[in-house]
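Given next are the chains, with one letter for each unit.
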Amino acid sequence: SATLRFVSLLGYKTDDSIESKYRRLKKQNLVPTKRLPGALIIGVKKCGTRALLEFLRLHPDVRAAGSEVHFFDKFYHKGFEWYREKMPATIEGQITMEKTPSYWVTRSAPRRVYAMNPAVRLLAVVRDPVTRAISDYTQSASKRPSLPRFEDLALVNSTVGWGGPWSVVDASWPPVRLGVYSRPLRRWLRRFPRSRLLLISGERLVADPAAEMARVQDFLGLKRLITDKHFYFNSTKGFPCLLKSEGKSTPHCLGKTKGRNHPYIDPVTIERLREYYRPFNERFYELSGINFGWP
């Protein structure tokens, strides 16, 4: 500033000075701009990804795409500029986010995401794979009432007698296959260090959303602004709801599909699934460094 005053005394105009240029640049940083995501919710389907995204929207420094973009699995050929246009405008200091759960199991996704940004932060929500499979089936059955029973789809030879000794888990059925978390995690860890991928407990996201969101905010480098004051537990839905959110100042839940009642599943089928998943869960605990304590 002293230099600028000296220059003005000599009769030079300072309208186009370094200071004025700096001021213009500083103002430009406050102009909303579309950017590629700095963080991605990559999965897992029916584990709580929608809840995580809606909870994150409470934070003033987070802006997220309104719907699943499916860039890294379906539309990668359209290019990064197309992807950028799908993002919300943000100002400097805000995090651009996107959620597409199918990225978790898309084999080419880790390589493609790495090509976009090796420093991107990845979030994945996981839950008891047996409960996840039942939730997956329940969603499909709500759209297709003629769908066979869960037991008939989860076990091979179930039509002969799914409670009998010859029935085994059908590992090829998508709702069952998706619960083997260790395989996709290994692919993501080949590209990204564990410090770049946060695994979130779907069970804790329901039981104590504020505590789990504290972990998420720390991981993203955000100030802890999402706290227990934002949540209340809806006993009818069995799911946490929001006291206030980005777009609503009144209490509301995430939607009629959240907290959907699961059908009765024969205990024998559940036990077979638990036996099937047990070794895969142990492998997942080892890879992630977290014991989620699933039965």
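Fair warning: this is a prediction, and the values are worked out from it, not measured in the lab.

A. Focus on the overall build of the protein chain. Along the backbone of the protein chain there are 13 helices and 11 strands. In the protein chain, which comprises 295 residues, the share counted as buried stands at 43%. The contacts in the protein chain between residues at least 6 apart in sequence include a share of 69% that link residues at least 24 apart. Summed over its atoms, the accessible surface of the protein chain is roughly 15,600 Å², and 53% of this surface lies on carbon and sulfur atoms.

B. Just the environment of Pro 60, in detail. For Pro 60, the location among the structural elements is in the loop between α3 (49-56) and β3 (62-64). Between the C-alpha atoms of Pro 60 and Leu 222, which are 162 residues apart in sequence, the distance is 9.7 Å. Residues in contact with Pro 60, not counting those within four places in the same chain, are Gln 94 and Leu 225.

C. Spatial organisation of the packing of aromatic side chains. One pass over the full model with this rule turns up 25 aromatic pairs. Centre to centre, the rings of Phe 284 and Phe 292 are 5.8 Å apart; their planes meet at 20°, and the pair counts as stacked. An aromatic cluster is present here, built from Phe 71, Phe 72, Phe 75, Tyr 76, Phe 80, Trp 82, Tyr 83 and Tyr 103 joined pairwise through their rings.

D. Focus on unusual backbone geometry. Omega for the bond connecting Gly 43 with Val 44 falls within 30 degrees of zero, at 5°, which places this linkage in the cis form. Within the fold, Val 44 resides in the loop between β2 (39-43) and α3. For Lys 46, which is not glycine, the phi torsion reads 60° and is therefore positive. Checked against the element boundaries, Lys 46 lands in the loop between β2 and α3.

E. Structural detail: the sheet that holds strand β9 (residues 197-201). Strand order in the open sheet made by the five strands is β3-β5-β2-β6-β9, with parallel pairing throughout. Looking along the sheet, the strands with just one partner apiece sit at the ends: β3 and β9. Ignoring which end each strand starts from, the neighbouring axes of this sheet average 25° apart. Across five bridges, strand β6 (residues 121-126) lies against β9 in parallel orientation. Bridge assignment links Val 126 to a residue of β9, and that residue is Ser 201.

F. Just a positive patch on the surface, in detail. Taken together, the side chains of Arg 107, Arg 183, Arg 186, Arg 190 and Arg 283 present a region of like positive charge at the surface. With three residues, helix α10 (residues 182-191) is the single largest residue contributor to the positive patch. Note on placement: Arg 183 falls in helix α10.

G. The side chain of Arg 132, seen in detail. One can find Arg 132 in helix α6 (residues 129-143). Residues in contact with Arg 132, not counting those within four places in the same chain, are Val 44, Lys 45, Lys 46, Cys 47, Arg 127, Pro 174, Pro 175, Leu 178, Gly 179 and Tyr 181.

H. Structural detail: the pattern of salt bridges. Applying the stated rule across the entire model yields 12 salt bridges. The closest approach of N and O atoms between Glu 54 and Arg 50, which form a salt bridge, is 2.9 Å. Note that Glu 54 and Arg 50 are positioned in helix α3 at a spacing of four residues, about one turn of the helix. By relative accessible area, Arg 50 is classed as partly exposed at 23%. Its salt-bridge partner being Arg 149, residue Asp 152 comes within 2.9 Å of it at the nearest N-O pair. It is possible to trace a salt-bridge network through shared partners that takes in Lys 45, Arg 132 and Asp 136.

I. Just the state of the cysteines, in detail. Per the stated rule, a full pass over the model turns up one disulfide. Cys 241 shares a disulfide with Cys 253; S-S distance 1.9 Å. Disulfide Cys 241-Cys 253: the torsion about the S-S bond is 90°, which places it as right-handed. Here Cys 241 is found in strand β11 (residues 239-242), whereas its partner Cys 253 is found in the loop between β11 and α13 (267-288), with 12 residues between them in sequence.

J. Seen up close, helix α12 (residues 209-219). Most of α12 sits inside the fold, with eight of its 11 residues counted as buried. At its buried positions, α12 is contacted by α3, β6, β9, α11 (202-207), β10 (231-234) and β11. Phi for Gly 221, located one or two positions after α12, is positive at around 75°.

K. How the structure looks around the packing of helix α5 (residues 109-116) against α10. At their nearest, the axes of α5 and α10 sit 9 Å apart, and the two run at 30° to each other. Judged by the angle between their axes, α5 and α10 are roughly parallel. The crossing of α5 and α10 is right-handed. Between α5 and α10, the residues in contact are Ala 109, Pro 110, Arg 111, Val 113 and Tyr 114 and Arg 187, Trp 188 and Arg 191, respectively. When the residues that make up the contact of α5 with α10 are grouped by side-chain class, the tally is five nonpolar, no polar and three charged.

The rules behind each value
Residues numbered from 1 in each chain as written. Predicted model: local features only at pLDDT ≥ 70, side-chain atom pairs only at ≥ 80, totals over all residues. Heavy atoms only, no water. Helix = DSSP H or I, 4+ residues; strand = E, 2+ residues; numbered from the N terminus. Buried < 20%, exposed > 50% of the residue type's maximum accessible area, 1.4 Å probe, protein only. Contact = heavy atoms within 4.5 Å. Areas by Shrake-Rupley, 256 points an atom, 1.4 Å probe, with all protein chains shown as cover. Phe/Tyr/Trp six-rings, centres within 6.5 Å; stacked < 30°, edge-to-face > 60°. Pairing = 2+ DSSP bridges. Axes fitted to C-alpha atoms, helices over the stretch in contact; angles between N-to-C directions. Patch = residues over 30% accessible without salt bridge, like charges linked within 9 Å, V, L, I, M, F, W, Y side chains within 5 Å. Salt bridge = Lys/Arg side-chain N within 4 Å of Asp/Glu carboxyl O. Lys, Arg positive; Asp, Glu negative; His and termini not counted. Charge placed at Lys NZ, Arg CZ, Asp CG, Glu CD. Disulfide = S-S within 2.5 Å. Parallel < 35°, antiparallel > 145°, perpendicular 65-115°, else oblique. Left-handed = near helix turned anticlockwise from the far one by under 90°. Nonpolar A, V, L, I, M, F, W, Y, C, P; charged D, E, K, R; others polar.

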